[in-house]
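Remarks on the overall topology
Listed below, chain by chain, are the residues.
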Amino acid sequence: MKRMIAALMTAVFCILPAAAVTGAPEVEAGAAILMEKETGTILYEQNAHEQMEPASVTKIMTLLLVMEALDSGRIAVDDPVTVSSHAASMGGSQVYLKEGEQMTVRDMLKAVAVVSGNDAAVALAEHIAGSESGFVEMMNQRAAELGMEDTTFQNCTGLPAAGHVTSAYDIALMSRELLKHPAIREYTTIWMDTIRDGQFQLANTNKLVRFYEGTTGIKTGSTDSALYCLSASAERDGMELIAVVLKSPTSQKRFDSAKSMLNFGFANYALLDVKPDQALAPVDVLLGEKSTVQPVLADGGRILVDKSERNDVTTSIQMTDCVEAPVEAGQKLGEMEISVGGEVRQTIPIVASEAVPRITMPGIFRNLLSRLFMNR
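From a predicted model like this one, the values you see are computed outputs, not experimental measurements.

This next bit is on the sheet that holds strand S1 (residues 31-36). Spatially, the five strands line up as an open sheet ordered S2-S1-S9-S8-S7, and their pairing is antiparallel. The sheet is open, and its two borders are formed by strand S2 (42-46) and strand S7 (215-223), each paired with just one other strand. Averaged over neighbouring strand pairs, the angle between their axes works out to 5° when direction is ignored. Note that S1 and S2 share four bridges and pair antiparallel. From the neighbouring strand, Ile33 faces S2, where its bridge partner is Glu45. Those strands touched by helix H10 (residues 251-268) are S1, S2, S7, strand S8 (227-236) and strand S9 (239-248), and its axis lies near 150° from that of S9.

Here it is as structure tokens:
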């Protein structure tokens, strides 16, 4: 089943041919993957589906659920979070929360994203779901929705627990989803900050934030059994990449491996804006309140290519001549094929920019009367 899913994802995400690039990255880790965020294209992988412990990289899913709760309005960044005895009891990385202490969601997010506070992660989990166990159920449900077939979460922190496993591929999937929330960068790009009115210093565990150009996040992790893990993201020239490293032997080697993959991606690939060769002409609408509707591309028309293919990109348009009302906004009217070197690489739907209702009998009479008076 996993192989079938991987094959389907390959078809959807389009793994670019490895032979097209040179200078493979140097990676010293048990597993690794490099993914382009917008398209989900895999640019490099090594044991990408092998199940491993993720340590605190787990908190990417914790952060994702928090951001989704914020975006839905279920919680707000200024909401106070009250620390339970369970949250305060967490070991490992922490900001030393005390039972009964209150801290805003904003500062709890800082504590998780910047210094990987286990106590803050549990406090946020309890704030959203009522209990850590309830939150973990949400984590596993969201993982299933994202197609993370290699993953089972046992807690929201990444502290060692039997059966708490994921894969480099799955981490890339949830990292990609987290990065769809622009506000998360307010936390994952912090290098130094404070909480408790400046009384507690925070320094980011992700050293790439300070030392790698364009870094946007995301999360480090390490335990004695998981070794050194990292999901790192960076953006340059309008392209954002996600590099995941699991089970690297040292902290520095996880950063070096991530940098090597990111350098490889930025050196060899580019996201191009692709537009139709000519303006899209209005499409005739039969029996509509309007006689035409303007077609538009369903998305921005961006394609990931090897940099050597920049001049080999062409487009072709297939469009219907007319459509009968009613027309729905977003209704497909045609498609644009994007080819690279003569091979179709991507197909983008062309859709109606607005709805056009079907004309009514009174509308027909109004039109007739209008034409009669106009011709006088």
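Taking 1.5 Å as the rise per residue, helix H6 (residues 132-145) with 14 residues should run 20 Å; its terminal C-alpha atoms sit 20 Å apart, in good agreement. Among the residues of H6, those classed as buried are Glu132, Phe135, Val136, Met139, Arg142 and Ala143. Seen from one end, H6 has its buried residues packed into an arc of 120°, which puts them on one side. Within H6, the exposed residues directed more than 90 degrees away from the buried face are Ser133, Glu137, Gln141 and Ala144. Contacts from the buried residues of H6 go to helix H2 (59-72), helix H3 (85-88), helix H5 (118-129) and helix H7 (168-178). Once H6 finishes, Gly147 follows within two positions and takes phi at roughly 80°, a positive value.

This paragraph deals with the packing of helix H4 (residues 105-115) against H5. Packing of H4 against H5 leaves a shortest axis separation of 8 Å and a crossing angle of 140°. In terms of orientation, H4 lies oblique with respect to H5. Along this stretch, H4 crosses H5, giving a crossing that reads as left-handed. On H5, the residues that touch Val105, Met108, Leu109, Ala111 and Val112 of H4 are Ala120, Ala121, Ala123, Leu124 and His127.

Definitions and cut-offs
- Residues numbered from 1 in each chain as written.
- Predicted model: local features only at pLDDT ≥ 70, side-chain atom pairs only at ≥ 80, totals over all residues.
- Heavy atoms only, no water.
- Pairing = 2+ DSSP bridges.
- Helix = DSSP H or I, 4+ residues; strand = E, 2+ residues; numbered from the N terminus.
- Axes fitted to C-alpha atoms, helices over the stretch in contact; angles between N-to-C directions.
- Contact = heavy atoms within 4.5 Å.
- Expected span 1.5 Å × (residues − 1).
- Buried < 20%, exposed > 50% of the residue type's maximum accessible area, 1.4 Å probe, protein only.
- Arc of directions from axis to C-beta.
- Parallel < 35°, antiparallel > 145°, perpendicular 65-115°, else oblique.
- Left-handed = near helix turned anticlockwise from the far one by under 90°.

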